[in-house]
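# Coordinate inspection notes
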Amino acid sequence: MPVLEQNDTQIWRRRTTGQSLVRWFGWLLGVAVFVYCWQFISESTTWFFVWDAPRIANDIWTRATPPKWDYITQLGRPIWDTLNIATLGTIIALCMAVPVAFLAARNTTPSTLFIRPIALLIIVSTRSINSLIWALLLIAIIGPGVFAGVIAIAIRSIGFCAKLLYEAIEEIDHTQVEAITATGASRWQVMAYGIVPQILPAFAGIAVFRWDINIRESTVLGLVGAGGIGLQLSASLNVLAWPQVSLILIVILVAVLISEWVSAKVRGAII
Amino acid sequence: MSHRELDDMLGKGWRKPAFVKHPLLRWVLILGFFAYLIAAFMTIDVDWGRVYEGLDRGWAFVLAFTSPDFVSRWSDIWSGLLESIIMTVAASVVGILISIPIGLGAARNIAPLPVYMICRGIVAISRALQEIIVAILLVAIFGFGPLAGFLTLSFATIGFLSKLLAEDIEAMDKVQAEAIKASGARWPQWINYGVQPQVMPRLVGLSMYRIDINFRESAILGLVGAGGIGATLNTAFDRYEYDTAAAILILIIGIVMALEYLSGIIRARVQ
């Protein structure tokens, strides 16, 4: 126990001198890094605009209110597209995530040495790149439109769903699998009767959870041209039609809240 | 003995139980799902000719991953990446610092009702607005550059971290906190010795996770002019410089993987 001698009495301390020095230097380093970062940001900022910001914000607010309510008649189709992008994207992603998850889970993968790393690489690389970047890429490849959005959402979701799913597979109860194996079941029968029933609730939960996130993401995919309500948002922003922008933002907010509510209800019913 | 009599003697054979128990609800769900799928496919117009043409470019992009070009645009990549990292660090620090008091306020068991309502309101607003939409508004208000990105990420961090922190505090062990209170501790002492030790490990883990998310998000903020690597990436796609784009994506994936590895080590150490 670290103690300090002071006037011949021993005083208890939490850390030794060395430990507290290391901590102190750690904090110093952290603060220095933060100050450097702040300086960098500050240097590339035009502070005049920042001091002017309250006026600009007020200006935008007065332009944006009240929202142009009758514009909502033109938003029906974009909302339908957004819903389709999220839903179809989630379905495609789940179809691809299931085999990847089985290949990545330690207890079901056919080969830990070759196939598991590949599956993990697919999971990491699809997960670490945002759906907007996938959309940019797909627009360059297959042209703008809803289809690019669907594929972008699908690719982005593979990693997420497969990661959660393979963790669920690794946590299954082994005695059930053994029981099915003991009846003489083939590899596929073990899958269907020993493993799948155990991960089905997790699978349904993941699907709904990801669908909820995808609704959010698909509302902004249009900013890069991949269909949905984001297209209207970017068009309105480009012509500075602030009353339309505020209406679209309200619609997006309502869509996000509804999808969150639906997902919470469904997950509550499953689990 | 006929087949029928054998069935009578053995009783009903076992059938796999259905996932949704109520038969009517099950069929309505299945039929509704297929009706939706058909409607969705009817309304998505895919230009298959364009997709077919794009396959060549898609293949070129896949090939670009085997020969990424880090060199010819290195200065652009480096400045974009540095800006992304700086935004991530600064926004994470500020976001975490702000989200601690808000998280305390949003926990029902330690905050009075009015404070609770205000803090929950802040959390709800921050979570409902996507990063990219906040970034658009902040760029319009504060001008182009990393300041808008920094503010966006800080704002998003607050919603994410405060909510999870508040849930963690609400689920904490009451006995420890009461013991500290019984020893006559004042409110700050109570928080520091009764609550903080219980939630600290999870707070560190969540903060690491949020840094990871912030870096991933900072990669797209550049698309709307809020600084970071996104602008460079967008330019690379627009100019069909797939090898540069591949280099940037590889860097992003690499940094995300490194961060994930680091956060895994740190989380294992604090728990």
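Residues numbered from 1 in each chain as written. Chains lettered and ligands numbered in written order. Predicted model: local features only at pLDDT ≥ 70, side-chain atom pairs only at ≥ 80, totals over all residues.

## Concerning the overall build of chain B
Counting secondary structure elements, chain B contains 11 helices and zero strands. Going residue by residue from the N terminus, the α and β elements of chain B occur as α-α-α-α-α-α-α-α-α-α-α. The C-alpha radius of gyration of chain B comes to 27 Å, more than 25% above the 18 Å expected for a compact globule of 271 residues. Pairs at least 24 residues apart make up 72% of the contacts formed inside chain B by residues separated by at least 6 positions. (Helix = DSSP H or I, 4+ residues; strand = E, 2+ residues; numbered from the N terminus. Rg over C-alpha atoms; globule rule 2.2 N^0.38 Å. Contact = placed C-beta atoms within 7 Å.)

## Describing the overall build of chain A
Along its length, chain A carries 11 helices and two strands. The order of helices and strands in chain A, counted from the N terminus, is β-β-α-α-α-α-α-α-α-α-α-α-α. At 27 Å, chain A has a C-alpha radius of gyration far larger than the 18 Å of a compact globule built from 271 residues. Principal axes of the C-alpha set define a box for chain A whose edges measure 80 × 65 × 40 Å. The burial tally for chain A puts 37% of its 271 residues in the buried class. Within chain A, contacts between residues at least 6 apart in sequence are counted, and of these 69% link residues at least 24 apart. (Buried ≥ 20, exposed ≤ 12 C-beta atoms within 10 Å, placed from the backbone.)

## Points about the packing of helix α3 (residues 53-64) of chain A against helix α11 (residues 242-270) of chain A
Residues and elements named next belong to chain A. At a closest axis distance of 7 Å, the pairing of α3 and α11 adopts a crossing angle of 85 degrees. Considered as vectors, α3 and α11 are oriented roughly perpendicular to each other. Contacts between α3 and α11 involve I60, R63 and A64 from the former and W242, P243, V245 and S246 from the latter. Its residues assigned to classes, the contact of α3 with α11 comprises five nonpolar, one polar and one charged. (Axes fitted to C-alpha atoms, helices over the stretch in contact; angles between N-to-C directions. Parallel < 35°, antiparallel > 145°, perpendicular 65-115°, else oblique. Nonpolar A, V, L, I, M, F, W, Y, C, P; charged D, E, K, R; others polar.)

## What about the environment of L223 of chain A?
Summarising the element assignment, L223 of chain A is placed in the loop between α9 (187-220) and α10 (229-238). Residues L223 of chain A and S234 of chain A, 11 residues apart in the sequence, show an inter-C-alpha distance of 5.4 Å.

## A few points about the interface of chain B and chain A
With 42 residues of chain B in contact, the opposing surface of chain A contributes 44 residues. Within the residue set of the side of chain B that touches chain A, elements represented by two or more residues are α2 (23-43), α3 (48-64), α4 (74-105), α6 (131-142), α7 (146-170), α9 (187-221), α10 (229-238) and α11 (242-270) of chain B.

## Focus on the confidence of the model for chain B
Of all residues in chain B, 95% have pLDDT values of 70 or greater, and the mean over the chain is 86. For this predicted complex, the interface score ipTM comes out at 0.81, alongside a pTM of 0.84. (pLDDT = per-residue confidence, 0-100.)

## A word on α11 of chain A
All names here are of chain A. In a regular helix each residue adds 1.5 Å, so 29 residues correspond to 42 Å; α11 covers 42 Å between its end C-alpha atoms and thus fits that length. Buried within α11 are the following residues: W242, Q244, V245, S246, L247, I248, V251, I252 and S259. Each element contacted by the buried residues of α11 is listed here: α3, α4 (76-104), α9 and α10. (Expected span 1.5 Å × (residues − 1).)

## Topic: the pairing of strand β2 (residues 9-12) of chain A
Each regular strand shows side chains that alternate between the opposite faces of the sheet. Residues and elements named next belong to chain A. Bridge analysis of strand β1 (residues 3-6) against β2 gives four bridges, and the strand direction is antiparallel. Of the residues in β2, the one forming a bridge with E5 is Q10. Connecting β1 to the antiparallel partner β2 that follows it, the hairpin turn spans two residues, and N7 within it adopts a positive phi of roughly 50 degrees. (Pairing = 2+ DSSP bridges.)

## Side note on the environment of A166 of chain B
Residue and element names in this part refer to chain B. On the secondary structure map, A166 appears in helix α7. For A166, a count of 26 C-beta atoms within 10 Å puts it in the buried group. For the pair A166 and A107, spaced 59 residues apart in sequence, the C-alpha to C-alpha distance is 4.6 Å. If we ignore the near neighbours within four places in the chain, the residues touching A166 are G103, A106 and A107.

## As for the domain arrangement of chain A
For chain A, the assigned domains are domain 1 (3-58) and domain 2 (71-270). In this structure, domain 1 of chain A and domain 2 of chain A have C-alpha centres spaced 40 Å apart. (Domains from an automatic or database assignment.)

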